[in-house]
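Coordinate analysis (summary)
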Amino acid sequence: LLAFTRIEGAQLDNNHMERNLRVIVLGRKNHLHFKERIGAAVADIITSICMTAESAGINCFEYLIAIQRHSKDVKASPVDFLPWNYQQKIESMAKAKSETSTA
């Protein structure tokens, strides 16, 4: 409660986190209507990915498309494809590909 007095730049409220948690709580409520548990689990994972991308300022739809297009690379190096890293990784892959095609 007093973190803002010790930590420079700490916010006085947590409205941003409360707003994000609301999505998770609504998801849990909606997951009660899934036929199978696995469907609810997949929905949880997708919700988590989307909220992480959104909090990083990334378009969730574009991020999910990029992850699917580069699925083999994601499996080889998942850290490079976290929402805050993936654009740089894709750009470096495109640059490397263009350099090899011109050589």
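Only a predicted model underlies this, so the values are computations on that prediction, with no experimental measurement involved.

Topic: the state of the cysteines
- Taken as a whole and assessed by the stated rule, the structure comprises one disulfide.
- Sulfur-sulfur distance for the disulfide between Cys-50 and Cys-60 comes to 2.5 Å. Around the S-S axis, the bridge from Cys-50 to Cys-60 shows a dihedral of about -40° and counts as left-handed. With Cys-50 in helix α3 (residues 37-55) and Cys-60 in helix α4 (residues 60-69), this residue pair connects regions lying ten residues apart in the sequence.

Observations concerning the nonpolar core
- In terms of nonpolar packing, the biggest core is built from seven residues, these being Ala-53, Ile-58, Tyr-63, Ala-66, Val-74, Phe-81 and Tyr-86.
- Residues in contact with Val-74, not counting those within four places in the same chain, are Ile-67 and Phe-81.

Regarding a nonpolar patch on the surface
- A cluster of nonpolar residues, Leu-2, Phe-4 and Leu-12, forms a patch on the protein surface that exposes about 340 Å² of accessible area.
- Locating Phe-4 in the fold gives a position in helix α1 (residues 3-6).
- Look at Phe-4 and you get partly exposed, because its relative accessible area is 39%.

Description of the packing of helix α2 (residues 15-31) against α3
- Two numbers describe how α2 lies on α3: the axes approach to 10 Å, and their chain directions differ by 165°. With respect to their mutual orientation, α2 and α3 come out roughly antiparallel. Judged by the sense of rotation from one axis to the other, the crossing of α2 with α3 is right-handed. Every residue of α3 that contacts α2 at His-16, Asn-20, Val-23, Ile-24 and His-31 is listed here: Ala-40, Ala-43, Asp-44, Thr-47, Met-51 and Ser-55.
- Of the residues in the contact of α2 with α3, the class split is five nonpolar, five polar and one charged.

Section: the pattern of salt bridges
- With the rule as written, the count across this model stands at one salt bridge.
- Two residues, Lys-89 and Asp-80, come together in a salt bridge whose shortest N-O distance is 3.6 Å.

Overview of the environment of Lys-35
- Looking at the secondary structure, you find Lys-35 in the loop between α2 and α3.
- In this structure Lys-35 comes out as exposed when scored by relative accessible area, which is 83%.

Some words on the packing of aromatic side chains
- This model, assessed by the stated rule, comprises one aromatic pair.
- With 4.9 Å between their ring centres and 70° between their planes, Tyr-63 and Tyr-86 make a pair best called edge-to-face. Linking Tyr-63 in helix α4 with Tyr-86 in helix α6 (residues 86-102), this pair joins segments that are 23 residues apart in sequence.
- Of the residues examined, Tyr-63 reaches a relative accessible area of 7% and is grouped as buried.

Conventions used here
Residues numbered from 1 in each chain as written. Predicted model: local features only at pLDDT ≥ 70, side-chain atom pairs only at ≥ 80, totals over all residues. Heavy atoms only, no water. Disulfide = S-S within 2.5 Å. Helix = DSSP H or I, 4+ residues; strand = E, 2+ residues; numbered from the N terminus. Core = buried A, V, L, I, M, F, W, Y, C linked by side-chain atoms within 4.5 Å. Buried < 20%, exposed > 50% of the residue type's maximum accessible area, 1.4 Å probe, protein only. Contact = heavy atoms within 4.5 Å. Patch = residues over 30% accessible without salt bridge, like charges linked within 9 Å, V, L, I, M, F, W, Y side chains within 5 Å. Areas by Shrake-Rupley, 256 points an atom, 1.4 Å probe, with all protein chains shown as cover. Salt bridge = Lys/Arg side-chain N within 4 Å of Asp/Glu carboxyl O. Axes fitted to C-alpha atoms, helices over the stretch in contact; angles between N-to-C directions. Parallel < 35°, antiparallel > 145°, perpendicular 65-115°, else oblique. Left-handed = near helix turned anticlockwise from the far one by under 90°. Nonpolar A, V, L, I, M, F, W, Y, C, P; charged D, E, K, R; others polar. Phe/Tyr/Trp six-rings, centres within 6.5 Å; stacked < 30°, edge-to-face > 60°.

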